[in-house]
Amino acid sequence: MSLDTAIITFVGAGNMASSIIGGLLESGHRPAALRAADPSPENLARLRKLGDIELFEDNATACEDATVVILAVKPQVMAAAMASVRDQVCASNALVISIAAGTTIASMQAGLGEQTAIVRCMPNTPALLGAGATALHASEQVDPAQRELAETILAAVGIVEWVPAEADLDAITALSGSGPAYFFLFMEAMIEAGCRMGLSRNCATAMTRQTALGAARMAMESDVDLAELRRRVTSPGGTTERAVQRFEADGLSALVQAAMDAARERAAEMGAGGEAAN
Ligand SMILES: NC(=O)c1ccc[n+]([C@@H]2O[C@H](COP(=O)([O-])OP(=O)(O)OC[C@H]3O[C@@H](n4cnc5c(N)ncnc54)[C@H](OP(=O)(O)O)[C@@H]3O)[C@@H](O)[C@H]2O)c1
């Protein structure tokens, strides 16, 4: 089974679905082999702009004969979405890929059938720009060709990493799933600090955004590690050293650890309780 011959159905046509569909189309995937289902005609209309993919208001019809069903709905509606496609998934032995936070493989197999092949993954919002980071974990029913298929689909919107244990997805959720928000929070704090120092908001915002972009590009493109990149900014006895000393004295690393521990615990709670969150 290859990506060229696969029929891929997205259940839920929101932000994440449209970014993955956009990535697949950009990487040359045939629009005719892509389907999307969503109860909202307006949401479907947004997808129409991406290409000539098949659109459905009925989940079950969209999943008929599908090779891959991608569940791209909020966790709150996952149970209803699974119930609507269970018969079609069982009939076609489709690979099911879920991008929902906190919905376990066990709960999906309870909803779709015990032997359903499931890949659970955790993408992040930079997937919208093709700059996502997605971790994947497969149930034991997933065969090597299906693994490759899942990896190829998510690689259309960024980097992919397989994790050996399903629980690792909780750590991934705390790291890269929620991670973009941490960087935005840090940037917001820098902008506020700049404003309090007397800079205009426009100036503080522009300088913060460009600094984040520049630092991220150096982190990605440089052949030296992050600590060395940091050292090169930090002149002995200079301004950066004073700021970094303050971060360290006030426990930045411990705070990051505690925040990520809290996020991971929440992901585990959501999985254990089958609880809804977005
Ligand atoms: N946002 C993140 O940072 C992030 C990161 C990683 C993973 N995720 C996961 O990605 C999933 C989708 O998130 P998203 O940001 O793409 O959400 P979204 O934009 O709200 O997309 C979900 C879509 O599903 C539709 N829908 C609702 N009920 C449905 C049903 N029964 N059948 C089919 N479609 C239905 C929604 O329609 P309405 O708008 O009309 O309700 C909406 O268009 C979530 O499970 C989330 O946990 C999100």
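Residues numbered from 1 in each chain as written. Predicted model: local features only at pLDDT ≥ 70, side-chain atom pairs only at ≥ 80, totals over all residues. Heavy atoms only, no water.

You'll find the chain entered in an unreviewed UniProt entry as Pyrroline-5-carboxylate reductase, with Kineobactrum salinum given as the organism. According to the UniProt record, the Function (unreviewed entry) comment for the chain is "Catalyzes the reduction of 1-pyrroline-5-carboxylate (PCA) to L-proline." (UniProt positions renumbered as here; feature names shortened; annotations may be inferred.)

(A) Region of interest: the sheet that holds strand S1 (residues 8-11). Spatially, S3-S2-S1-S4-S5-S6-S7-S8 is the arrangement adopted by the 8 strands of the open sheet, whose pairing is mixed. Edge positions in the sheet fall to strand S3 (54-56) and strand S8 (158-162), since each has one partner strand and no second. Looking at each pair of strands side by side, their axes are set apart by 20° on average, direction ignored. Here strand S6 (residues 118-122) runs beside strand S7 (residues 132-138); their pairing, made up of 4 bridges, is antiparallel. If you follow Val 119 over to S7, its bridge partner there is Ala 138. Packed on one face of the sheet, helix H1 (residues 15-26) meets S1 and strand S2 (34-37) and runs near 160° to S1. (Pairing = 2+ DSSP bridges. Helix = DSSP H or I, 4+ residues; strand = E, 2+ residues; numbered from the N terminus. Axes fitted to C-alpha atoms, helices over the stretch in contact; angles between N-to-C directions. Contact = heavy atoms within 4.5 Å.)

(B) Summary view of the environment of Ala 243. With respect to the secondary-structure elements, Ala 243 resides in helix H11 (residues 239-249). According to the relative accessible area criterion, Ala 243 is partly exposed, its value standing at 37%. Counting along the chain gives 202 residues from Ala 243 to Pro 41, while the straight-line C-alpha distance between them is 52 Å. (Buried < 20%, exposed > 50% of the residue type's maximum accessible area, 1.4 Å probe, protein only.)

(C) Looking closely at the pattern of salt bridges. One pass over the full model with this rule turns up 9 salt bridges. The partner of Arg 201 in a salt bridge is Glu 192, with the nearest N and O atoms 2.9 Å apart. Across the salt bridge formed by Arg 217 and Glu 221, the nearest N and O atoms sit 3.0 Å from each other. Remark: Glu 221 and Arg 217 occur in helix H9 (residues 201-221); sequence separation between them is 4 residues, near one turn of the helix. (Salt bridge = Lys/Arg side-chain N within 4 Å of Asp/Glu carboxyl O.)

(D) Quick look at the site of the ligand. In the vicinity of the ligand lie 22 residues, with Asn 15, Met 16, Asp 38, Asn 43 and Val 73 positioned nearest. In this structure, an oxygen atom belonging to the ligand sits 2.8 Å away from a main-chain N or O atom of Met 16. One of the side-chain nitrogen or oxygen atoms of Asn 43 is found 2.8 Å away from an oxygen atom of the ligand. The fraction of the free accessible surface of the ligand (900 Å²) that becomes covered by protein chains is 76%. Of the residues contributing to the shell around the ligand, the split by class is 13 nonpolar, 7 polar and 2 charged. (Near = heavy atom within 4 Å. Polar contact = N/O pair within 3.5 Å; in protein donor to acceptor, adjacent residues only side chain to side chain. Areas by Shrake-Rupley, 256 points an atom, 1.4 Å probe, with all protein chains shown as cover. Nonpolar A, V, L, I, M, F, W, Y, C, P; charged D, E, K, R; others polar.)

(E) Broad picture of the UniProt feature "domain: Pyrroline-5-carboxylate reductase dimerisation" (unreviewed entry) in the chain. What UniProt calls "domain: Pyrroline-5-carboxylate reductase dimerisation" (unreviewed entry) maps, in this numbering, to residues 166-270. In the segment residues 166-270, helix accounts for 83% and strand for 0%; the C-alpha atoms at its two ends are 14 Å apart.

(F) Representation of the UniProt feature "binding site: NADP(+)" (unreviewed entry) in the chain in the model. When the UniProt feature table is mapped onto this chain, "binding site: NADP(+)" (unreviewed entry) is found at Ala 72, Val 73, Lys 74 and Pro 75. Along the chain, Lys 74 falls in the loop between strand S4 (68-71) and helix H4 (78-92). In this structure, Pro 75 sits in the loop between S4 and H4. Judged by its relative accessible area of 14%, Pro 75 is buried.

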